[in-house]
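This is what each chain is made of:
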Amino acid sequence: MLTFITCVTNDHAYPLLVAALVVCVLGSVLTMRLYARVRRTQGVQKLNWLFLSGCIGGSTIWSTHFIAMLSYRMPLDHAYDPLTTLWSLAIAVGFTLFGFAVTAGRQTGATIEVGGGIVGLGIVSMHYVGMAALLVAGVKTWDTVLTIAAVVLSVGFGAVATNRIARPVTRFCKYGGAAGLILAILSLHFTAMTGMTVSPDPTISIPAMAVEESVLAAMVLLIMTVMMALGASAYVIDLNSSQIAAERYRHLSSHDALTGLPNRQALHEHVGEAMRQPRDDTERLALVVIGINRFKDVNDAHGQAVGDRVLRAIAEGVSVILQPGEFLARVGGDEFVAVRDCFFMKADAKEFAERILSAVSLPMDLEGQAFRVTASSGIALFPGSAQTAIDLVAQADLAMHRAKVNGAGAVRFYKPSMDTATRDRSLLSIDLHQSIDRGELELYYQPQNDTLSRDIIGYEVLLRWRHPTRGMVSPAEFIPLAERTGFIQTLGDWVLETACREASSWAQPLRIAVNVAPAQLADVALPHRVRDILIQTGLPADRLELEITETGIIGDQQHALHIIRQLKAMGVKIAMDDYGTGYSSLSTLQNFPFDKIKIDRSFVDGIGRSRPAEAIVRSTIILARSLDIPVLAEGVETEEHMTFLRGEGCLQVQGFLFGRPQPLSDIKTAVMTAVEIAPPADAEIAPPADAEIVHLPQATAA
């Protein structure tokens, strides 16, 4: 160590030594960023990034060596052989290219570290060929022990560099990759230089064609400047393109693709924020649902294209007459929602609704034909009986349907007496609380398939309720009811325990995906409950995938992140469900360690019919690939969907094309054995850490 330190402190000029260090650091950081791009891309783009990363990495290794050599105080006459010097550059670039290429297509296995070791061997080869290019009036000899140590250090740190990029465990691993390459270059150079001794020999002369240090310095500066500028420019251009695509996706995910208006999720955000704002006792908020009358007849008679133009014309016409403080969204095929805040008299809310209806019913010119539609509207007021934005929309929607009974242009206010369905929901809620004891619940399984092979890779678990008098009750009806009454915790535990118990007996170790409601995720006991269920049923943790939505995490992200980390520490996989329907998807992906992204079926359904929907799907796949997160597309029903998704690089799909949800008895031959497999006696699952929890507000799931 003393010899090494002496070599650095006594035998080098500090300014050039610092310059070599700066080149090494900047070049290594850029090289490993480019190498990360290699692993995230496919096809021609992967080859482009591979070539660029190899050239930048090799140039960094070569430039660091020769700048450090220029800083080395050589007491004897010396110069550099031009051909050997250039040959050393080719060696550095070639080995780096080859090493990165070896690891480029592999996600697992020792090949990743082998590729990094090849890069380290390239550093070794470049160094000693570069030293051969040094022409000096003396004889160079090398210490064997230090030479071996230099080789081991370079190869080892090279393997560390690729390991940190290919096997990240934290967001800081990208810096670990650059640090590994820096140490590989510097440890080799200075350890090897410490082991070199030059004995003067007056019989050795410097050839006339040798390159002097000043010429070499200019050559190194030129090559490194051009290469780093080229690499940095390509990286910045690619980064800027990704940011533009992400911003476009942010807009698309919160706006209706057809009309450009805010969508349902954006409406809930807007109304929820308005409801939380402090207001005086007489100030009100009006939410107006506008339903187009007989819009289905328009589509049937004139075609969907004309229907789409009608909806766009309505959106444009109503947007023009909006005043400050008023908001318009499209929430369904033929439904719009307008919001007015800060008014006092009920008559003002009715005037607002009538103004919207007047704009909707204005005549339109469609392909030379006069066209007119009519609408009806329902109004819900806040403060009132609604406690959430979802409830307020539901009340106005109920009032709108009542208004349609009265004919075109009718306006109705929501009244509790209208809601005869409330009594039905109360009776249904009582029955739901008894459904588990009565054995009325059953799990259905829908296959998830590999896009390329079409093989089944797992199943999503779906809950079905066979009511003794009502028959099959839709989950869209009883799941929101369970969430509002707090029964979702018990229901969720039953689904999770039953699914794990059934799956543990399968012959095929397929993964099961179980939905987790927002109220479940808010519960501090969720990780402990999951752990107990896995132990009781014997299902391996890595076969369980829990699906969560943004609704469950945006209320208290720190709490949700803490719960998710405990679940992942057990080995349980976490998937984001219904991706694209939320308002904060991008920030959520950045902050949460998801193992999978599920593209919502509403976007997949638009493939082949809607360019904005295709753009959302494509942007999601690109974004997920850049984050190394697998993507599963829901709602795949046609071969056209499959062709598009396969072409864009989506690796997993789910939908009616491969199978509808089925009870366990219908998939028994595919997954189950004749004799159940007993849980392993030594099953051990890491206990989750305890934490103080702030509970999330409950929200209705779709």
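Throughout this description, residue numbers start from 1 for each chain and increase along the sequence as written. pLDDT decides what is reported in this predicted model: residues at 70 or higher carry local features, side-chain atom pairs at 80 or more are listed and counted, and totals for whole chains, interfaces and linings draw on all residues regardless. Excluded from the side-chain calculations are hydrogens and water; all other atoms, namely the structure's heavy atoms, are used.

Check the secondary structure of the protein and you find 24 helices and 21 strands. For the exposure calls, accessible area comes from a 1.4 Å probe over protein chains only, and a residue counts as buried if that area is under 20% of its type's maximum, exposed if over 50%, partly exposed in between. Here the protein holds 702 residues, and 49% of them are scored as buried. Any two residues whose heavy atoms approach within 4.5 Å at even a single point are treated as in contact. For the protein, the share of sequence-separated contacts (at least 6 apart) that also reach a separation of at least 24 residues comes to 75%. The method behind every accessible area is Shrake-Rupley, applied with a 1.4 Å probe, and residues are considered shielded solely by the protein chains displayed. Accessible surface, the protein as shown: approximately 32100 Å² in total, 59% of it carbon and sulfur. Labels follow the DSSP assignment, with helices taken as runs of H or I lasting at least four residues and strands as runs of E lasting at least two, numbered in each case from the N terminus.

Quick look at the nonpolar core now. The definition of a nonpolar core used throughout is a set of buried Ala, Val, Leu, Ile, Met, Phe, Trp, Tyr and Cys residues joined through side-chain atoms within 4.5 Å. Of all hydrophobic cores here, the largest spans 74 residues; its most connected members are Trp-506, Ile-512, Val-530, Leu-544 and Leu-546. At seven residues, helix α16 (residues 488–503) tops the list of elements feeding residues into this core. In this structure, Met-69, Val-119, Leu-186 and Phe-190 belong to the second largest nonpolar core, which totals 49 residues.

With that out of the way, let us pick up the pattern of salt bridges. Salt bridges are defined as contacts in which a side-chain nitrogen from Lys or Arg sits within 4 Å of a carboxyl oxygen from Asp or Glu. Within the structure shown, the criterion is met by 18 salt bridges. Of the charged contacts, one joins Arg-355 and Glu-351 as a salt bridge, the two residues approaching to 3.4 Å between their closest N and O atoms. Taken together, the residues Arg-355 and Glu-351, both in helix α12 (residues 346–360) and four residues apart, mark about one turn of the helix. The closest approach of N and O atoms between Asp-532 and Arg-531, which form a salt bridge, is 3.7 Å. Taking the relative accessible area as the measure of exposure, Arg-531 reaches 25% and is therefore partly exposed. By sharing partners, the salt bridges in this structure join Glu-326, Arg-340, Glu-351 and Arg-355 into a single network.

This part takes up unusual backbone geometry. Going from Phe-382 to Pro-383, the amide bond is cis rather than trans, its omega being 5°. With respect to the helices and strands, the residue Pro-383 is situated in the loop between β10 (375–382) and α13 (389–405). Despite not being glycine, Asp-628 has its phi angle at roughly 60°, a positive value. Tracing the backbone shows Asp-628 in the loop between α22 (611–626) and β19 (631–633).

Taken across its five residues, strand β6 (residues 326–330) has five buried, putting it largely inside the fold. Here β6 shows a buried face lined by Glu-326, Leu-328 and Arg-330 and a second buried face lined by Phe-327 and Ala-329. Bridge analysis of β6 against strand β7 (residues 335–343) gives five bridges, and the strand direction is antiparallel. Directly across from Leu-328, in β7, lies its bridge partner Ala-338. Should DSSP find at least two bridges between two strands, the strands are taken to pair. Between the antiparallel neighbours β6 and β7 lie four residues.

One can find Ser-602 in helix α21 (residues 601–604). Exposure remark for Ser-602: the relative accessible area of 44% places this residue in the partly exposed category. Along the chain, Ser-602 and Asp-578 lie 24 residues apart, while their C-alpha atoms are 9.0 Å from each other.

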